[in-house]
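Chain by chain, the residues run as shown.
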There are 4 protein chains.
Amino acid sequence: VSEPRASLPRALSAPSREDAETEFSRIVAFTDGVFAIAITLLVLTLEVPTDVSDLGRQLREQWDEFFAYGLSFAVLGSLWIAHHRFFGSLARFDGRLVVLNLVYLAFIALVPFSSDLLGNYSGQSVAVILYAANLTAVTLAFALQTAYAHRRDLVRDWAKPYTPRLAGPPAFLIPFVFLASIPVALVSPRAALVLWIATFFADPLGDRIAGMRLPK
Amino acid sequence: VSEPRASLPRALSAPSREDAETEFSRIVAFTDGVFAIAITLLVLTLEVPTDVSDLGRQLREQWDEFFAYGLSFAVLGSLWIAHHRFFGSLARFDGRLVVLNLVYLAFIALVPFSSDLLGNYSGQSVAVILYAANLTAVTLAFALQTAYAHRRDLVRDWAKPYTPRLAGPPAFLIPFVFLASIPVALVSPRAALVLWIATFFADPLGDRIAGMRLPK
Amino acid sequence: VSEPRASLPRALSAPSREDAETEFSRIVAFTDGVFAIAITLLVLTLEVPTDVSDLGRQLREQWDEFFAYGLSFAVLGSLWIAHHRFFGSLARFDGRLVVLNLVYLAFIALVPFSSDLLGNYSGQSVAVILYAANLTAVTLAFALQTAYAHRRDLVRDWAKPYTPRLAGPPAFLIPFVFLASIPVALVSPRAALVLWIATFFADPLGDRIAGMRLPK
Amino acid sequence: VSEPRASLPRALSAPSREDAETEFSRIVAFTDGVFAIAITLLVLTLEVPTDVSDLGRQLREQWDEFFAYGLSFAVLGSLWIAHHRFFGSLARFDGRLVVLNLVYLAFIALVPFSSDLLGNYSGQSVAVILYAANLTAVTLAFALQTAYAHRRDLVRDWAKPYTPRLAGPPAFLIPFVFLASIPVALVSPRAALVLWIATFFADPLGDRIAGMRLPK
């Protein structure tokens, strides 16, 4: 039974992207679909006030929810651009990369929940920790994916000079920073939030993970 | 570190749409996905009555919700056609346009929330103002996108004669009208709504933003 | 100003599908997106019981909701196949067809709401009437679309022999049956439901609208 | 009337995938859309606690919900890969396969509901039974689809040697195991869950349905 099985899943273990263009574009389309749905579901975290008496005041009290919406939209948008760029650099793919990508997407699809929690309880440590943990998992899964692709030589020639940077220790720096922000959140939730935003936009760190920042 | 980084994000800064067809179509597909999801999520703003005694009367009282549904479907549909036409005129794209497009989508994805608010509190100034503010932001982000594309010479040759109209002051006329309708809503919410609808369908104004109206 | 405007929206008024393949596939992808989202949102009409004491009995009481889910999935699936087949017969498209398609989609996206209502209140006339009215609107919008395409000569040569059937009175037979079922629902909601299902699957009627039934 | 009707739906009964590439890719895109939406809607099964006093404890009590989220994400991801591989092996398709695929999708789109139920009532037999029944239906519908495709000779040449395995009794082994786990759940819900997970990952069984497991 093992011999036919080795060749049956040919479509997914196809070495070249060009040979399996349909399969590759289905993976890309599925990923984009999950991103687009997750980013649009963020709107469901904004609650329409049920009390009609002072709508303006209620909306002002929802400020944290609007902040979490904007933050998570920016985060998911940046991650999508990074994923976009990473997949643009692929020459080949295999079944294991597809599985790593699914694990990555499982944490991407979780962001609307973490964002909802953050919007409702931004002053509580546990909400900020959970949001940071979610993004730690996302960036870790992304780092694993890029490291795997570079080690298995799945990337196009022009992207190979970046292998040491993408597959080595620097790729795991961002996940580490998110992880390190968790104890900070225990002391001050807002401090962790500020630290994390600063890290996300800081030049030397943001530079580490391929495509986290756009070309000037 | 800065030198390799300059060439790494090649996929997104690719000058020609044909050279980066996969990347371009991913951006288009992502945008269409957000539009399709946002427009379909509008249905969630319609509440199924929980009281079984007089379903007919309850549905009639939901008239404002049905109105907001139809209005927002028309608005998002028109905006999608306009975006569709704008991207059809692009010869090139760059990273900054992708970011501007994401900012635009952040406000597009917000429409189901604003629409829900409008459907529930159409008689209150603050709900109408928030809806107008959302559309001000949407049209402003779209005007910025088109102006940027024309200034950076990203459009196809046949679209270039329209540069002064698309990248100049007229492009910002519609956002200005939405902005101006906000004080009107403070006095009369319904007047702002009527004014805004009239503006949206009026010939000379609708003509200003490319593709807001369909060819006869 | 009117002269440049006449040629600007070229992308949408492009006579040939091959000349504007990207634009055409965006319309198709957007339509498929709305269908896929609407059909998947149907699951949200199924309520998870909140009472833990007798889960089995509660789920049996939800039978009408499961019935509405299955019915609406079959309805949206059939409509998607019909739309799929109709668009497969198009040689050209224009802006007005895009607008007609958006109107059609506005009623497609409404089905999860009507289905939710039907699942919760299947014994009440008003719920059945609203569901029938929704499908009347859907099939009417589809009949308008096909009639328009045939009259404007937008279909491929092999589809032209069907013009009389698709663009003439027979195309409006199904919408008429849905419309006629509304007074029946006033007397007996369940009778209207049965009548409507029978109509949907009946050979001579189902045959009238292109693609409503699959080839044997 | 029957003669023209026989040729009208040509687009769907087109024997070759290459001749009807647009139609085929619409079916694939629609399927991927339903999968992507269903997998992302899983996040809505995670409830944001409404009590602010002890957020940490409440989240720990939600452990079953997080477990159901991860399980269902893995299940839908595996099923998507299997579907992906099956459609990659198709050389042709016909209308009946499209209908079988829609029936399959109706059960796929139901998973977020079953998963929500499982997350809330994982200790109750009825919730585990319903989840098992849902997956029985999914795998049965998939087995029917693959069996139909192999019997009607719709698969590519390289996939034909697998016909006996894919279209014969082994294809129905997995659905049978799910079915058999239902009486187990009556005695012990958790035992059924463990049995089912073990079955899903077990080598000799997982090997039976094409593509349920990825190549090493």
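Please read these numbers as outputs of a predicted model, since none were measured by experiment.

Caption draft 1: Just the overall build of chain A, in detail. Secondary structure summary: chain A contains 12 helices and 0 strands in total. Each helix and strand of chain A, ordered N terminal to C terminal, gives the series α-α-α-α-α-α-α-α-α-α-α-α. Looking at chain A residue by residue over its 216 residues, the buried ones come to 62%. Relative to all contacts within chain A whose residues are 6 or more apart in sequence, the contacts with residues 24 or more apart total 75%. When the accessible surface of chain A is totalled, it reaches about 8200 Å², and 64% of it is carbon and sulfur.

Caption draft 2: Broad picture of unusual backbone geometry. With phi around 60°, D153 of chain A is a residue other than glycine that occupies positive phi space. Counting through the fold element by element, D153 of chain A comes out in the loop between α8 (125-151) and α9 (163-167).

Caption draft 3: Geometry of the packing of aromatic side chains. Applying the stated criterion across every chain yields a total of 36 aromatic pairs over all chains. Note on F86 of chain B and F142 of chain B: the rings are 5.7 Å apart at their centroids and 85° apart in plane angle, and the pair reads as edge-to-face. Here F86 of chain B is found in helix α5 (residues 63-88), whereas its partner F142 of chain B is found in helix α8 (residues 125-151), with 56 residues between them in sequence. No difference in accessibility class separates F86 of chain B from F142 of chain B, as the two residues are buried. Where F24 of chain C meets F93 of chain C, the ring centres are 5.3 Å apart and the plane angle is 50°; that geometry is what we call tilted. Highlighted residues: F24 of chain C in helix α3 (residues 21-41) and F93 of chain C in the loop between α5 (63-88) and α6 (95-108), separated in sequence by 69 residues. You can call F24 of chain C buried: its relative accessible area is 2%. Of the aromatic side chains, those joined through ring pairs into one cluster are F24, F35, F86, F87, F93, Y104 and F142 of chain A.

Caption draft 4: Region of the structure containing the environment of V98 of chain A. Residue position: V98 of chain A is located in helix α6 (residues 95-108). Taking the C-alpha atoms as reference points, V98 of chain A and F24 of chain A, separated by 74 residues in sequence, lie 9.8 Å from one another.

Caption draft 5: Molecular detail of a nonpolar patch on the surface. On the surface, a cluster of nonpolar side chains totalling about 280 Å² of accessible area is made up of L44 of chain A, L44 of chain B, L44 of chain C together with L44 of chain D. By the element assignment, L44 of chain A lies in the loop between α3 (21-41) and α4 (55-61).

Caption draft 6: Representation of the pattern of salt bridges in the model. According to the stated counting rule, one finds 8 salt bridges over all chains in the structure shown. Here D32 of chain D and R26 of chain A are joined by a salt bridge, their closest N and O atoms 2.4 Å apart. One end of the pair, D32 of chain D, is in helix α3 (residues 21-41); the other, R26 of chain A, is in helix α3, on a second chain. Each member of the pair D32 of chain D and R26 of chain A is classed as buried. With its nearest N and O atoms 3.6 Å apart, the salt bridge here joins R190 of chain C to D64 of chain C. Of this pair, R190 of chain C sits in helix α11 (residues 189-201) while D64 of chain C sits in helix α5, and the two are 126 residues apart along the sequence.

Caption draft 7: Molecular detail of the side chain of H83 of chain B. Inspection of the secondary structure puts H83 of chain B in helix α5. Beyond its immediate stretch of four places on either side in the chain, H83 of chain B contacts T31, F35, N101, Y104, F142 and Q145 of chain B together with R26 of chain C.

Caption draft 8: Examining helix α5 (residues 63-88) of chain D more closely. For α5 of chain D, which comprises 26 residues, the first-to-last C-alpha distance of 37 Å matches the rise-based estimate of 38 Å (1.5 Å per residue) to within 8%. Within α5 of chain D, 20 of the 26 residues are buried, leaving the element largely enclosed by the surrounding structure.

Caption draft 9: Highlighting the environment of S188 of chain B. Mapped onto the elements of the fold, S188 of chain B is located in the loop between α10 (173-187) and α11 (189-201). In the structure, S188 of chain B is positioned 84 residues away from Y104 of chain B in sequence and 28 Å away in space, judged by C-alpha atoms.

Caption draft 10: Region of the structure containing helix α6 (residues 95-108) of chain D. An ideal rise of 1.5 Å per residue puts 20 Å on 14 residues; α6 of chain D measures up with 20 Å between its terminal C-alpha atoms. Along α6 of chain D, the residues classified as buried are G95, L97, V98, N101, L102, Y104, L105, A106 and I108 of chain D.

Caption draft 11: Quick peek at the packing of α5 of chain C against α6 of chain C. All names here are of chain C. α6 packs onto α5 with a crossing angle of 170° between their chain directions and a minimal axis gap of 13 Å. Classed by the angle they form, the pair α5 and α6 counts as roughly antiparallel. Listed contacts from α6 to L76, L79, H83, F86 and F87 of α5 are L97, N101, Y104 and I108. Tallied by class, residues from the contact of α5 with α6 come to 7 nonpolar, 2 polar and no charged.

What counts and what doesn't
Residues numbered from 1 in each chain as written. Chains lettered and ligands numbered in written order. Predicted model: local features only at pLDDT ≥ 70, side-chain atom pairs only at ≥ 80, totals over all residues. Heavy atoms only, no water. Helix = DSSP H or I, 4+ residues; strand = E, 2+ residues; numbered from the N terminus. Buried < 20%, exposed > 50% of the residue type's maximum accessible area, 1.4 Å probe, protein only. Contact = heavy atoms within 4.5 Å. Areas by Shrake-Rupley, 256 points an atom, 1.4 Å probe, with all protein chains shown as cover. Phe/Tyr/Trp six-rings, centres within 6.5 Å; stacked < 30°, edge-to-face > 60°. Patch = residues over 30% accessible without salt bridge, like charges linked within 9 Å, V, L, I, M, F, W, Y side chains within 5 Å. Salt bridge = Lys/Arg side-chain N within 4 Å of Asp/Glu carboxyl O. Expected span 1.5 Å × (residues − 1). Axes fitted to C-alpha atoms, helices over the stretch in contact; angles between N-to-C directions. Parallel < 35°, antiparallel > 145°, perpendicular 65-115°, else oblique. Nonpolar A, V, L, I, M, F, W, Y, C, P; charged D, E, K, R; others polar.

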